[in-house]
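Inside the fold
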Amino acid sequence: MSKIALITGITGQDGSYLAELLLSKGYKVHGIVRRVALEDETHRLWRIRGILKDINLHAGSLESYASLFNIILKIKPSEVYHLAAQSYVGYSFEDEFSTLNININGTHYLLSAVKEFAASKVRFYFAGSSEMFGKVKTIPQNEKTVFNPRSSYGISKVTGFHLVKNYREAYNLHASNGILFNHESPRRGFEFVTRKISHAVARIKKGSKEKLKLGNINAKRDWGHAKDYVEAMWSMLQKDTPDDYVIGTGKDHSVEDFAKKAFSHVGLNYKDHVVIDQKLIRPAEVDTLLADYSKAKKNLNWEPKISFDDLVKNMVDHDLENINKI
């Protein structure tokens, strides 16, 4: 009998890769979206366009406990992957209220719905974030590193982490936290700096005279490929005992490094095309995030496969090929 998976955030970068992975493993895959309309196929559903016939979408909202409970009751999932969130850190400074409301209450509602349905039969994954570490005092960061978030997004993810841990301990729910460091791909949203860079590189290579505006180019991040990271999510829910895992590459690069490599890939010098815009620098900056994923390597037998260089090239090549379609 096939396992049944429910994915919140199935239309996003991680959700789309996870859905493909689970389908390849024989799962019946369900996803929650705000609503389903025909025009969404070329816009909001573009990442899952190729698998729409193989998955089941349900209209629901993280802000509605009733809709989440009814979906879970209807499909009776064996695994729930909670990926949906207001996940853009920059926007969280502009609208703290919706970020906290959606990310915290949505996680709480979903956990409660799973508990009420069948806590002992469902395995639950929560998408944490390296932004939970924020202004770090130790480098690298592992599962024992103290959280010190610097944005409402980071705060919301710390709260979600503790909600998951509480439900695991109080209600014996098989619930695991994945503390994922930055992970990118050609499916990354255009509001994120990596996609902003790769898409600008493609436009400039094709003849655009624009300048690429960036904020703090000295900020360092541990960047991996989302396709690798969804395998870690799945692996966590296959373990007999739930736990918390840091997922990353163990290597950090600055925003400047990313831009330099992206422009170099198409034979351009980034210094000729990048300008610093002070308005893009966050009110509270996170300087360096670097993962120690040794626990995942030991317990999950997981390691990243796609290098930073290949990640950058993958994103730039994709945007070059699809520049006129986006």
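Residues numbered from 1 in each chain as written. Predicted model: local features only at pLDDT ≥ 70, side-chain atom pairs only at ≥ 80, totals over all residues. Heavy atoms only, no water.

Glancing now at the packing of aromatic side chains. For the structure shown, the criterion picks out twelve aromatic pairs. Judged by centre distance (6.1 Å) and plane angle (25°), the ring pair of Y65 and F69 falls under stacked. One end of the pair is Y65 and the other is F69, both in helix 2 (residues 65–75) and four residues apart, which spans about a single turn. For the ring pair F258 and F308, a centre distance of 5.8 Å and an interplane angle of 75° mean the geometry is edge-to-face. You can see F258 sitting in helix 8 (residues 255–265) and its partner F308 sitting in helix 10 (residues 308–322), a full 50 residues away along the chain. A residue is classified by how much of its surface remains accessible, and F258, at 0% relative accessible area, is buried. (Phe/Tyr/Trp six-rings, centres within 6.5 Å; stacked < 30°, edge-to-face > 60°. Helix = DSSP H or I, 4+ residues; strand = E, 2+ residues; numbered from the N terminus. Buried < 20%, exposed > 50% of the residue type's maximum accessible area, 1.4 Å probe, protein only.)

This part covers the nonpolar core. In terms of nonpolar packing, the biggest core is built from 33 residues, with I7, L18, Y81, Y125 and I247 touching the most fellow members. Of all the secondary-structure elements, those providing two or more residues to this core are strand 1 (4–8), helix 1 (13–24), strand 2 (28–33), strand 5 (123–129), helix 7 (226–238) and strand 11 (244–247). Among the elements that line this core, the one with the most residues is helix 7, at seven residues. Residues within four places of I7 in sequence aside, it is in contact with G15, L18, A19, L22, V29, H30, G31, I32, Y81 and L83. Of all hydrophobic cores here, the second largest spans 25 residues; its members include A202, I204, F308 and V316. (Core = buried A, V, L, I, M, F, W, Y, C linked by side-chain atoms within 4.5 Å. Contact = heavy atoms within 4.5 Å.)

As a further point, take the sheet that holds strand 2. Read from one edge of the open sheet, seven strands run 3-2-1-4-5-6-11, paired in parallel fashion. At either end of the open sheet lies a strand with only one pairing partner, and these are strand 3 (56–59) and strand 11. Geometrically, the sheet is characterised by an average inter-axis angle of 20° between neighbouring strands, direction not taken into account. (Pairing = 2+ DSSP bridges. Axes fitted to C-alpha atoms, helices over the stretch in contact; angles between N-to-C directions.)

Position of A5 relative to the elements: it lies in strand 1. When its relative accessible area of 0% is taken as the criterion, A5 is described as buried. Sequence separation between A5 and K76 is 71 residues, and the spatial gap between their C-alpha atoms is 8.9 Å. In this view, A5 contacts L22, Y27, K28, V29, H30, E79 and Y81; residues no more than four positions away in its chain are not counted.

Moving on, we come to the pattern of salt bridges. Considering all chains together, one arrives at 14 salt bridges under this definition. Between R34 and E63 there is a salt bridge; the shortest N-O distance is 2.7 Å. Of this pair, R34 sits in the loop between strand 2 and strand 3 while E63 sits in the loop between strand 3 and helix 2, placing them 29 residues apart in sequence. Here R34 falls in the exposed class, since its relative accessible area comes to 54%. On the basis of relative accessibility, which here comes to 41%, the residue E63 falls in the partly exposed class. Between R203 and E210 there is a salt bridge, with its nearest N and O atoms 2.6 Å apart. Exposure remark for R203: the relative accessible area of 27% places this residue in the partly exposed category. Owing to a relative accessible area of 26%, E210 belongs among the partly exposed residues under this scheme. (Salt bridge = Lys/Arg side-chain N within 4 Å of Asp/Glu carboxyl O.)

Positionally, H58 belongs in strand 3. Residue classification places H58 among the buried positions, given a relative accessible area of 10%. In this structure the side chain of H58 is engaged in a polar contact, spanning 2.8 Å, whose partner is the side chain of H30. Ignoring sequence-local partners within four residues, the contact set of H58 consists of H30, G31, I32, V33, I71, K74 and I75. (Polar contact = N/O pair within 3.5 Å; in protein donor to acceptor, adjacent residues only side chain to side chain.)

Take unusual backbone geometry next. Here the bond from I139 into P140 is cis, since omega is 0°, no more than 30 degrees from zero. Following the sequence through the fold, P140 ends up in the loop between strand 5 and helix 5 (152–171).

Burial along strand 4 (residues 79–82) is two-sided: the face carrying E79 and Y81 and the face carrying V80 and H82 are both buried. One ladder, built from four bridges, connects strand 1 with strand 4; its direction is parallel. Each residue of the ladder has a partner; that of A5, found in strand 4, is E79. Where strand 4 meets strand 5, four bridges bridge the pair, whose relative direction is parallel. Residue pairing in the sheet places Y81 in a bridge with Y125 of strand 5.

Let's shift gears to the packing of helix 1 against helix 7. It is the contact of helix 1 with helix 7, at a shortest axis distance of 9 Å, that shows an interaxial angle of 65°. Read as a crossing pair, helix 1 and helix 7 show a hand that is right-handed. Only A226, K227, V230, E231, M233 and W234 of helix 7 make contact with helix 1, whose side of the interface consists of Q13, D14, Y17, L18, L21 and L22. Classifying every residue of the contact of helix 1 with helix 7 by side-chain character gives eight nonpolar, one polar and three charged. (Left-handed = near helix turned anticlockwise from the far one by under 90°. Nonpolar A, V, L, I, M, F, W, Y, C, P; charged D, E, K, R; others polar.)

As a further point, take the side chain of Q13. Inspection of the secondary structure assignment puts Q13 in helix 1. Here the side chain of Q13 touches H183 through a polar contact of 3.1 Å, landing on its backbone oxygen. In this structure Q13 touches R47, H183, E184, S185, R187, R188 and A226, once residues within four positions along its chain are discounted.

That's the geometry; what it means functionally is another story.
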